[in-house]
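A closer look at the structure
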Amino acid sequence: PSNIGAARIRGAEISAGAALGAFDVAAGYTYLDTEDTSDIPYYRGNDLPSRPAHDLNASLSWALRALRTTWEFQYLGANFMDRANLREADARSLHSLIFALRTPVDGLSLSVEGRNLTDQQVADVLAEHPELLKVDNLGLRSVLAALAKDLAATPKAFQPDILPELARLVLD
């Protein structure tokens, strides 16, 4: 993330949910209109980085006795990864499946989650949140986060597993 001298952010958000017998459904949508209003001429008027205009999420849960199964969907619109609006991350759809088992202990459940089941590349998340990289060396973490940021803006010529392989090469 980078500091921005001034910005304008407008938007709208709507969400709804309902319980229908053994099923729970929920959905939400956020629209953002962002603009860099700083005094820097080549940034002024640009979209703010890492702020997609469209963010849609939905979930469907089904419960049977102690087991709850949930499918989650999130759509994130394309967005720029830099203040100059030169590197754009493609829109992406993420699907997740969660199985949760309620235990006899009040408030305790066991769950198994499958996130990003369609294996969409989301390297830009690592670029924005390098603390997710389990690396103690801050310099190396910074290099890997910058690499993830560049990979996120690169056409899909790379395989989704390239970041761990590149990290291994750097560490060797």
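Read on for an overview of the structure. (Residues numbered from 1 in each chain as written. Predicted model: local features only at pLDDT ≥ 70, side-chain atom pairs only at ≥ 80, totals over all residues. Heavy atoms only, no water.)

**Remarks on the overall build of the protein chain**
Filter applied, for reference: In this description a helix means any DSSP run of H or I spanning at least four residues, a strand means any run of E spanning at least two, and both kinds are numbered starting from the N terminus. Relative accessibility under 20% of the residue-type maximum defines a buried residue, over 50% an exposed one, and the middle range a partly exposed one, all with a 1.4 Å probe and only protein chains included. Residues are treated as being in contact if the distance between any of their heavy atoms lies within 4.5 Å.
When helices and strands are tallied, the protein chain shows three helices and eight strands. The N-to-C order of helical and strand elements in the protein chain reads β-β-β-β-β-β-β-β-α-α-α. Burial status across the protein chain gives 26% buried among its 172 residues. Intrachain contacts of the protein chain at a sequence separation of at least 6 include 46% that bridge at least 24 residues.

**What about the packing of aromatic side chains?**
Working definition: an aromatic ring pair is given by the centre-to-centre distance plus the angle between the planes. The criterion, for reference: The criterion for an aromatic pair is that two Phe, Tyr or Trp rings (for Trp, the six-membered ring) have centres within 6.5 Å, with stacked assigned to planes under 30 degrees apart, edge-to-face to planes over 60 apart and tilted to the rest.
For the structure shown, the criterion picks out two aromatic pairs. Centroid distance tyrosine 42 to tyrosine 43: 4.8 Å. Interplanar angle 70°. Geometry classified as edge-to-face. On the basis of an interplanar angle of 20° and a centroid distance of 6.1 Å, the ring pair of tryptophan 71 and phenylalanine 73 is categorised as stacked. Judged by relative accessible area, which is 35%, tryptophan 71 ranks as partly exposed.

**Looking at the sheet that holds strand β4 (residues 67–76)**
Within a sheet, adjacent strands bond to each other through the backbone by hydrogen bonds, running parallel or antiparallel. As a reminder of what qualifies: Should DSSP find at least two bridges between two strands, the strands are regarded as paired. To obtain each axis, a line is fitted to C-alpha atoms, and for helices this fit is confined to the stretch in contact; angles are then taken between N-to-C directions over 0 to 180 degrees.
On the basis of which strands lie adjacent, the open sheet formed by six strands has the order β1-β2-β3-β4-β7-β8 and antiparallel pairing. Lying at the two open borders of the sheet, with one neighbouring strand each, are β1 (7–20) and β8 (109–114). Here the average twist between neighbouring strands, direction ignored, is 15°. Bridge count for strand β3 (residues 54–64) against β4 is ten bridges, and the pairing is antiparallel. Its bridge partner lying in β4, alanine 63 is registered against arginine 68.

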